[in-house]
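Fold and contact review
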Amino acid sequence: MTRPQGSSVLPAARGAGGAPGGRRAGGAALRFVAEHAFTRAAGAPLVPGNAVRLLRDAGENFPAWQDAIAAARESVFFEAYIFADDRVGRQFAELLAEKARAGVRVRVLHDWLGGLGEASPRFWRRLSDAGVEVRTFNPPRLDSPIGWMGRDHRKSVVVDGRVGFVTGLCVAERWAGDAARGAEPWRDTGVEVRGPAVADLARAFAQVWDEAGAPLPDEELPDAAGIAAAGEVALRVVASEPATSGVFRLDQLVAAMARRSLWITDAYFVGTAAYVQGLRAAAHDGVDVRLLVPGDSDLGLVKRLSVAGYRPLLEAGVRIFEWNGPMLHAKTAVADGRWGRVGSSNLNLSSWLANWELDVAIEDEGFAQRMEDAYEEDLGRATEIVLDARRRVQPVRPVPRQRRPRPPGRGRRREGSAVAAAGALRIGNAVGAALGGYRVLGPTEARLLAVAAVVLLALGAVGVLWPRVTATPLAFLCGWLGVALVVRAWRLRRRGGQYGRTAVERSAEEAAAARRVLARAAEPGPAAEPARADAGRDARA
């Protein structure tokens, strides 16, 4: 495919042989403004001096993780939303147990909801008995009735503070597939990182580890200053926490700044009105905006909501493609041939606002070129969705849906659980807009309103005919919420100032520190040299 030409999402300063001095100064100033904006939006500074490798599917990701773990001498941090007790999960469990018995400090963090039904307590006991320290993130608590909605959706591996992996893959057989049964592996993407940014990956792991128990000792975390440069790639480690919305702000900014292309792959796309408008505005300005989503999904509700949002995008000129292979689970974006994002964040409110997510935003033309090449290869197995003459959403050509064999193992597909709340939020947003009139609704939202209307009418009828059926659960829920609030208020009052900074407060302070470093680096004169040296490292509060 021919790539459109144009400027890049991040303007680069010209060298001495380029434009006159005024233009060079203007370019440098524009570069600084863009750098400042990205740092403020993501809450993460740009870290130079790294080597990054793009990894496709389980065939490239899993062997790379296993090789790194097998070579571990000091520590392994392993974080997974799903860690299944199946063929793939047992391979990793045996390797981690072997390293723990050899004296390596091995820590495994898995999410309670993601792992529900995937592995038995006996599986985790075997790891613990081998010396692996295992923690479960955010199990249900009586004093936090809706706390379960915030999940640790991150997937990362950090070994010896020298190599790290950020990915969308979970540890389960369905990602690897089974050739004997004709089950293809899921399509997914990850990256391998070497260099100073690995320190940020280790610190991101420690943030979530600390939420699940006693804090990780500071001496076990690598210092970026002590990690030698491994390459010339600059990247940001965007470690999102609930209510910080770093990736959401970053995605919005990229959509606004893209000049020639923005190619997105997402597994569970349920875009907000603001983000959809950002994509529409970019397409109206002539940006080549493309969205690749699954043709079939392991979470049917999110798939239906995603399809319901196609029309406004297509009307604006956004090109939408549906993947024809097995489950498409990747979460990536590449813009203007020089910026790319890979990680765990989906384009929906659950990932943007409720979950702990981990992504890397990479500013490097060589890496972006590899991402564009992979994207075009994926489009070879996808069908474009268009509007026909009657403005109906349909594929360019009919694609026969073949029944694919399920991967062996338990077959419990829990990955979509983290985004189930996004569907309810999307429906609630449409209902609120219809009743309050605060935004214009499109034809695609008629079905959502019809579903909500049927549900509300049914609940109303039940309430009239059988009052106790609705009153009893409502009374129980109100009582539960009231007791939970009393307990929380009592604990806050009893402990007073003993509470440390919250995760949101830490994230805001670290982002502010990074902005101060960038501001000092922009000042003229020799006094700014130390700040420029620090600009690529994560500022510590």
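Residues numbered from 1 in each chain as written. Predicted model: local features only at pLDDT ≥ 70, side-chain atom pairs only at ≥ 80, totals over all residues. Heavy atoms only, no water.

1. A few points about helix α6 (residues 197-211)
Rules: What counts as a helix is a DSSP run of H or I of at least four residues, what counts as a strand is a run of E of at least two, and both are numbered from the N terminus. Residue count minus one, scaled by 1.5 Å, sets the expected span of a helix. The buried label goes to any residue with under 20% of its type's maximum accessible area, the exposed label to any with over 50%, and the partly exposed label to all in between, with areas taken from a 1.4 Å probe on protein chains only.
With 15 residues, α6 should reach 21 Å at 1.5 Å per residue; the first-to-last C-alpha distance of 22 Å fits that figure. With 13 of 15 residues buried, α6 lies mostly within the body of the structure.

2. So, the pattern of salt bridges
Let me state the cut-off plainly: For this analysis, a salt bridge means a side-chain nitrogen from Lys or Arg found within 4 Å of a carboxyl oxygen belonging to Asp or Glu.
Taken as a whole and assessed by the stated rule, the structure comprises 23 salt bridges. Notably, a salt bridge pairs E377 with R56, separated by 3.6 Å at the nearest N-O pair. Of this pair, E377 sits in helix α12 (residues 365-379) while R56 sits in strand β1 (residues 47-56); the two residues are 321 residues apart in sequence, bridging distant segments of the chain. Overall, the relative accessible area of 53% leaves E377 in the exposed class.

3. As for the pairing of strand β9 (residues 261-265)
Burial within β9 is extensive, with 5 of its 5 residues counted as buried. Residue alternation in β9 divides its side chains into two sets, S261, W263 and T265 and L262 and I264, and both sets are buried.

4. Thoughts on the packing of helix α7 (residues 246-257) against helix α8 (residues 273-284)
Quick note on the threshold: Axis definition: a line fit to C-alpha positions, over the contact stretch in the case of helices; interaxial angles, taken between N-to-C directions, run 0 to 180 degrees. Angles are sorted into four bins: roughly parallel if under 35 degrees, roughly antiparallel if over 145, roughly perpendicular if 65 to 115, and oblique for all others. In a left-handed crossing the near helix is turned counterclockwise from the far helix by less than a right angle, and in a right-handed crossing that turn is clockwise. By definition in these notes, contact holds between two residues if any of their heavy atoms fall within 4.5 Å. Ten residue types, Ala, Val, Leu, Ile, Met, Phe, Trp, Tyr, Cys and Pro, are classed as nonpolar, four, Asp, Glu, Lys and Arg, as charged, and the remainder, Gly among them, as polar.
Their axes nearest at 9 Å, the elements α7 and α8 cross at an angle of 20°. Comparing the axis directions of α7 and α8 gives the class roughly parallel. Where α7 crosses over α8, the two elements pack in a sense that is left-handed. Residues F248, D251, Q252 and A255 of α7 touch α8, and the partners they reach there are A274, Y275, G278, L279 and A282. By residue class, the composition of the contact of α7 with α8 is 6 nonpolar, 2 polar and 1 charged.

5. Topic: the packing of helix α2 (residues 57-70) against helix α3 (residues 87-101)
Running from N to C, α2 and α3 point in directions that differ by 15°, and their axes come no closer than 10 Å. Comparing the axis directions of α2 and α3 gives the class roughly parallel. For the pair α2 and α3, the crossing hand works out as left-handed. Residues F62, W65, Q66, I69 and A70 of α2 touch α3, and the partners they reach there are V88, Q91, F92, L95, L96 and K99. For the contact of α2 with α3, the per-class residue count stands at 8 nonpolar, 2 polar and 1 charged.

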